[in-house]
Protein chains: 2
Amino acid sequence: MSGPHLQETPGWGTLFALLKHNKGRGLSMSELPAIEKRNRSRGGADANGATRERNEREILAAAERVFAQYGYRGASVQAIAEAAGLPKSNVLYYMGNKRGLYVRLLERMMARWNALLDDISVEDAPAEVLEAFIRSKMQLSRRHPEGSRLFAAEILGGAPFLQGYLRGELREWVHARAKIFEQWAERGLMDPVDPVWLIFLIWSATQHYADFEAQVLGITGKAEISDADVERITRFLTQVILKGCGVRPPGGGG
Amino acid sequence: MSGPHLQETPGWGTLFALLKHNKGRGLSMSELPAIEKRNRSRGGADANGATRERNEREILAAAERVFAQYGYRGASVQAIAEAAGLPKSNVLYYMGNKRGLYVRLLERMMARWNALLDDISVEDAPAEVLEAFIRSKMQLSRRHPEGSRLFAAEILGGAPFLQGYLRGELREWVHARAKIFEQWAERGLMDPVDPVWLIFLIWSATQHYADFEAQVLGITGKAEISDADVERITRFLTQVILKGCGVRPPGGGG
DNA sequence: AAACATCCTGACCAAATGGTCAAGCATTTG
DNA sequence: CAAATGCTTGACCATTTGGTCAGGATGTTT
């Protein structure tokens, strides 16, 4: 029943509205290289907004690291500021407050996720789609490990900021793809496994290498996960999962 | 490197020594029902230690919830105390300090994990062992979701307290079992997949239902994961993973 | 130059943080 | 009874927390 004494569950309005607003564009504001040439600029130091852009990028990157490591409550604005090499006041000048900063990072990560596997149909080859799913998900975790961990920490804590997203957009996303998997099964292209659990299986297996990187490194004894490792893991997962679902590997031409 | 400004990485001595000490017993101190009848009791209210036992249990349970939800830094002693229905001073009276409390919880979880799949040999049937692994791991996550999330949060944050454990005991555990998987492959009992990645795959897939419970519930629209769901998921994972590794399902009698 | 706009940041604040301590309470043992 | 031991807890402390604000710096436009 909600954290004792502590309590998040902030204005869903904020994030949800923004997510809705961003839907389909596949990009969050913060990623646009130069939104509109800074219209309405009648003066000011660095009036074209290059400074803002640079600092915001720096702050977002630092915040992603810190939030990923310590979670929302555990992260302090001070720590983020130091990671970004700026005074705390400056961080708050750009981001308003801690919550806004956090929300913005979540949005950015959701946007990245939304771009994934956006257009598949029953007509596609299961093997190719599944492999593409596994591969792109691995790449996402690989390219944005901190964002991936940030997301994981948010969910771990009961998704106080993302519940709306989970029960809304993401749910639609999953069910749409689940339906396709089901139709494949009906056509005999794969075993009749529960498609939602299959998605969770892929999700968790790929997510693992970002979220539990410390564990993977500790156990394998490596200092870091290399590109070659990622490729091997991708192939391993593809092979096992496809075979496990009764899907013939790609390249066989259908 | 390392969190800016923040910094954990506490005395490894503490946890590591205790883990070593507990090794093989499969139980942490805190779980023993009544260690030794409280010898050396020459007075005091509740001199047999029943009060202590009750309160510690309560505190540990509450702390597990709070730490799991907010992470080490994000959790406050005050919040734990409120969750346990005790004044903060009382919590500190029993647990000494925040770190000690946290370490104790980690130990308890490691002990539970250590008991898993403790004695397998090459002679066992792969299908049965793998199914037992998946099943008991699912049960562990099911029975101790907070502990499971606590562990996950610790790893997510870079395992500041558990690095020694990961590079030590757990690594041995994994490699010992990996070797057996390899021998099975050599004997043609399963495909020659990388055994460590197979263990990670099982780990992540089973862990998912505890750690990402919020996501699973949000997407499936359920209010909770039922026992029947757990059973179905277990079967699903067993089926897909065994088939995916070229292991014939159990019951076939070898 | 004046007006304007953006950027920068130290000083400051109330609240929360982890932790200490002393004083009191309860009970068993001598 | 008194001593000893364990339990309880409010008061207190230094530090950190998220956040505000005023004042200044730096530049552009008119």
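Residues numbered from 1 in each chain as written. Chains lettered and ligands numbered in written order. Predicted model: local features only at pLDDT ≥ 70, side-chain atom pairs only at ≥ 80, totals over all residues.

### Focus: the overall build of chain A
Rules: By definition, any uninterrupted DSSP run of H or I lasting at least four residues is a helix, any uninterrupted run of E lasting at least two residues is a strand, and each is numbered from the N terminus. Exposed residues have 12 or fewer other C-beta atoms within 10 Å of their own C-beta, buried residues have 20 or more, and partly exposed residues fall in between, where C-beta atoms are placed from the backbone. By definition, residue pairs are in contact when their C-beta atoms, positioned from the backbone, come within 7 Å.
When you go through chain A residue by residue, the secondary structure sums to 11 helices and 0 strands. Ordered by position from N to C terminus, the α and β elements of chain A give α-α-α-α-α-α-α-α-α-α-α. Residues classed as buried in chain A amount to 40% of the 254 residues present. Sequence separation of 24 or more characterises 72% of the internal contacts of chain A that already satisfy a separation of 6 or more.

### Structural notes on the relation of the copies chain A and chain B
Here is the rule: The superposition of copies rests on a least-squares fit of C-alpha positions from residues with pLDDT of 70 or more in both.
Here chain A sits on chain B after a turn of 180° about the axis and a move of 0.0 Å along it, with an RMSD of 0.0 Å. Taken together, the rotation angle and the small translation identify this as a two-fold axis. Most of the interface of chain A is mirrored in chain B: 100% of its interface residues are interface residues there too.

### Here we look at the environment of Trp203(B)
Summarising the element assignment, Trp203(B) is placed in helix 9 (residues 195-211). Along the primary structure Trp203(B) and Ala223(B) are separated by 20 residues, whereas in three dimensions their C-alpha atoms are 24 Å apart.

### Here we look at the interface of chain A and chain B
The cut-off we apply is this: Charged means Asp, Glu, Lys or Arg here, nonpolar means Ala, Val, Leu, Ile, Met, Phe, Trp, Tyr, Cys or Pro, and polar covers whatever is left, Gly included.
Each side of the interface is counted separately: chain A has 53 residues, and chain B has 53 residues. Every element with two or more residues in the side of chain A that touches chain B is listed here: helix 2 (50-74), helix 3 (77-84), helix 7 (145-156), helix 8 (163-186), helix 9 (195-211), helix 10 (213-220) and helix 11 (227-244) of chain A. Among the elements that take part in the side of chain A that touches chain B, helix 9 of chain A stands out by supplying 8 residues, more than any other. Of the residues contributing to the side of chain A that touches chain B, the split by class is 30 nonpolar, 15 polar and 8 charged.

### Side note on helix 3 (residues 77-84) of chain B
Listed in full, the buried residues belonging to helix 3 of chain B are Ala79(B), Ile80(B), Ala81(B), Ala83(B) and Ala84(B). Looking at the packing, one finds that the buried side of helix 3 of chain B touches helix 2 (50-74) and helix 4 (88-95) of chain B.

### What to know about the nonpolar core
Basically, it comes down to this: The nonpolar core is taken to be a set of buried Ala, Val, Leu, Ile, Met, Phe, Trp, Tyr and Cys residues joined by way of C-beta atoms within 7 Å.
Phe67(A), Ile80(A), Phe67(B) and Ile80(B) are the most contacted members of the largest nonpolar core, which totals 125 residues. Beyond its immediate stretch of four places on either side in the chain, Ile80(B) contacts Ala62(B), Ala63(B), Val66(B), Ala75(B) and Val91(B).

### Some thoughts on the environment of Thr206(B)
All names here are of chain B. If you trace the backbone, threonine 206 turns up in helix 9. Between the C-alpha atom of threonine 206 and that of tyrosine 165, which follows or precedes it by 41 residues, the distance is 21 Å. In this view, threonine 206 contacts Ile134, Lys137, Met138, Ser141 and Leu237; residues no more than four positions away in its chain are not counted.

### Some thoughts on the packing of helix 5 (residues 98-114) of chain A against helix 7 of chain A
Residues and elements named next belong to chain A. Note the following rule: Lines fitted to C-alpha atoms define the axes here, with helix axes fitted over just the stretch in contact, and angles between the N-to-C directions of these axes take values from 0 to 180 degrees. Reported orientations rely on four angle classes, namely roughly parallel under 35 degrees, roughly antiparallel over 145, roughly perpendicular from 65 to 115, and oblique for the rest.
At their nearest, the axes of helix 5 and helix 7 sit 10 Å apart, and the two run at 110° to each other. What the angle tells us is that helix 5 and helix 7 run roughly perpendicular. Residue-level contacts link Leu105, Leu106, Arg108, Met109 and Arg112 of helix 5 to Gly147, Leu150, Phe151 and Glu154 of helix 7. Looking at the contact of helix 5 with helix 7, its residues break down into 5 nonpolar, 1 polar and 3 charged.

### Brief notes about the environment of Ile219(B)
Assignment of secondary structure puts Ile219(B) in helix 10 (residues 213-220). Classification of Ile219(B) by C-beta neighbours within 10 Å gives buried; the count is 22. Apart from residues lying up to four places away in sequence, Ile219(B) is in contact with Leu166(A), Leu170(A), Arg171(A) and Val174(A).

### A short note on the confidence of the model for chain A
Residues and elements named next belong to chain A. Put simply, the rule is: Confidence per residue, as judged by the predictor, is encoded in pLDDT with a range of 0 to 100.
Averaged over all residues, the pLDDT of chain A equals 85, while 80% of them reach at least 70. Long-range and interchain partners of residues 1-7, a stretch whose pLDDT sits below 50, account for 15 contacts in this model, where long-range means more than four residues apart. Throughout residues 10-40 the model reports pLDDT below 50, and contacts reaching past four residues in sequence, or to other chains, amount to 34 contacts.

### Quick notes on unusual backbone geometry
All names here are of chain A. The residue alanine 159 is not glycine, and still its phi comes out positive at about 55°. With respect to the helices, strands and loops of the structure, alanine 159 is situated in the loop between helix 7 and helix 8. Note on alanine 159: 22 C-beta atoms within 10 Å, which makes it buried.

### Considering the packing of helix 8 of chain A against helix 9 of chain A
Each pair of packed helices can be summarised by the angle the axes make with each other and by the distance between the axes. All names here are of chain A. Put simply, the rule reads: Handedness of a crossing follows from how the near helix is turned relative to the far one, being left-handed for an anticlockwise turn of less than a right angle and right-handed for a clockwise one.
As a packed pair, helix 8 and helix 9 sit with axes 8 Å apart at the nearest point and diverge in direction by 115°. With respect to helix 9, the element helix 8 is oriented roughly perpendicular. Regarding helix 8 and helix 9, the two cross each other, and that crossing is right-handed. Packed against helix 8, whose contacting residues are Val174, Arg177, Ala178, Phe181 and Glu182, the element helix 9 presents Pro195, Val196, Leu198 and Ile199 at the interface. Residues that form the contact of helix 8 with helix 9 fall into these classes: 7 nonpolar, no polar and 2 charged.

### Brief notes about helix 3 of chain A
As for helix 3 of chain A, its buried residues are in contact with helix 2 and helix 4 (88-95) of chain A. With its phi angle positive at about 70°, Gly85(A) sits one or two positions after the end of helix 3 of chain A.

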